[in-house]
Amino acid sequence: MLEEAMTAIAEDGLAALTMSALAERLGTSGGHILYHFGSKDLLLLAALRWSEAELAEERRQLLARRIGAPRRLDLFLRLYLPRGPRDPRWTLWIELWARIPANEELRTAQAELDRGWQEDLETLLAKGVDQKHFAPTDVTARASELLALLDGLSTRVVLGEESGRDTRNALDAARAAAGLLIPRASPAS
């Protein structure tokens, strides 16, 4: 169900995803879907969690790779950013953000999902500092700032704003920001 929901979002957009439309795609009833999820909000949250679990595994593998921290950071940026204007994961994130003020369960889930990205980026940056790839810095603050910037760039891509239509532009902007926020270590004299 979750995979089909993500496919439907990618093909038709989130506004077209109704319980009855999803049920028709799955050959079941809207009541059956509601039985499993309880509401559209909870279906969207389950789909996002499913998608984010896959990305968490990719992040785990990325952090375990035997490559330098600058290359690992570049791969992290690529993983974080949307794949294009119709990226269903990012469409879900934007919808989730809009619903958070009125829904404590969504707010809690968002904090949990964000924490995974934050902790992994902090780990990546701390290793880079330890290995003298990056200059000493407050990795918690820099990770938080970079993730906020990535959220903004990602939103521009998903919304198809002029400067964000090409994901390469967003990646270039992310790289430039990362370079400013997380400077390379000075070569030893």
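Here the structure is shown first, and the text comes after it.
Note that this is a predicted model, so its numbers are computed, not measured.

## Section: empty space enclosed by the protein
Right, on to step 1. A complete count under the given rule lists two cavities of 30 Å³ or more for this structure.
Right, on to step 2. Here the largest cavity defines a volume of roughly 60 Å³.
Right, on to step 3. In terms of lining residues, the largest cavity is bounded by Asp 41, Leu 44, Leu 45, Leu 48, Leu 92, Glu 95, Leu 96, Arg 99 and Leu 106.
Right, on to step 4. Contributing elements (two or more residues each) for the lining of the largest cavity: α4 (40-64) and α6 (88-99).

## Re the nonpolar core
In globular proteins that are soluble, nonpolar side chains generally tend to be buried together.
Right, on to step 1. With 56 residues, the main nonpolar core has Leu 73 and Leu 125 as its most contacted residues.
Right, on to step 2. If one sorts the elements of this core by residue count, α4 sits on top with nine residues.
Right, on to step 3. Those residues in contact with Leu 73 that sit more than four places away from it in its chain are Leu 121, Leu 124, Leu 125, Phe 134, Leu 146, Ala 178 and Ile 182.

## Details of the side chain of Thr 91
Right, on to step 1. Summarising the element assignment, Thr 91 is placed in helix α6.
Right, on to step 2. Here Thr 91 falls in the buried class, since its relative accessible area comes to 17%.
Right, on to step 3. A distance of 2.9 Å separates a polar side-chain atom of Thr 91 from the backbone oxygen of Asp 87.
Right, on to step 4. Those residues in contact with Thr 91 that sit more than four places away from it in its chain are Ile 9, Leu 14 and Val 158.

## Notes on helix α9 (residues 167-181)
Two residues of an α-helix separated by three or four positions point the same way, owing to the 3.6 residues in each turn.
Right, on to step 1. With 15 residues, α9 extends 21 Å from end C-alpha to end C-alpha; this agrees with the ideal 21 Å at 1.5 Å per step.
Right, on to step 2. Close packing links the buried residues of α9 with α5 (69-80) and α8 (139-159).

## Here we look at unusual backbone geometry
Right, on to step 1. Even without being glycine, Lys 132 reaches a positive phi, approximately 65°.
Right, on to step 2. In this fold, Lys 132 is placed in the loop between α7 (104-130) and α8.
Right, on to step 3. Overall, the relative accessible area of 65% leaves Lys 132 in the exposed class.

## As for the layout of surface pockets
Right, on to step 1. Considered as a void within the structure, the largest pocket measures approximately 210 Å³ in volume.
Right, on to step 2. Surrounding the largest pocket, Met 6, Trp 50, Ser 51, Glu 54, Leu 55, Glu 58, Arg 83, Asp 87, Pro 88 and Arg 89 form its lining.
Right, on to step 3. Taken together, the elements giving at least two residues each to the lining of the largest pocket come down to α4 and α6.
Right, on to step 4. In terms of residues, the lining of the largest pocket owes the most to one element, α4, which gives five residues.
Right, on to step 5. Here the lining of the largest pocket is built from residues that sort into four nonpolar, one polar and five charged.
Right, on to step 6. Counted as a void, the second largest pocket has a volume near 150 Å³.
Right, on to step 7. Mapped by element, the contributors of at least two residues to the lining of the second largest pocket are α5 and α9.
Right, on to step 8. The element contributing the most residues to the lining of the second largest pocket is α5, with four residues.

Criteria and cut-off values
Residues numbered from 1 in each chain as written. Predicted model: local features only at pLDDT ≥ 70, side-chain atom pairs only at ≥ 80, totals over all residues. Heavy atoms only, no water. 1 Å grid on protein atoms, 1.4 Å probe; cavity = no way out; pocket = protein on both sides within 12 Å on 5 of 7 lines; lining within 4 Å. Points joined across faces, edges and corners; volume = space filled by probe spheres on them. Helix = DSSP H or I, 4+ residues; strand = E, 2+ residues; numbered from the N terminus. Core = buried A, V, L, I, M, F, W, Y, C linked by side-chain atoms within 4.5 Å. Buried < 20%, exposed > 50% of the residue type's maximum accessible area, 1.4 Å probe, protein only. Contact = heavy atoms within 4.5 Å. Polar contact = N/O pair within 3.5 Å; in protein donor to acceptor, adjacent residues only side chain to side chain. Expected span 1.5 Å × (residues − 1). Nonpolar A, V, L, I, M, F, W, Y, C, P; charged D, E, K, R; others polar.

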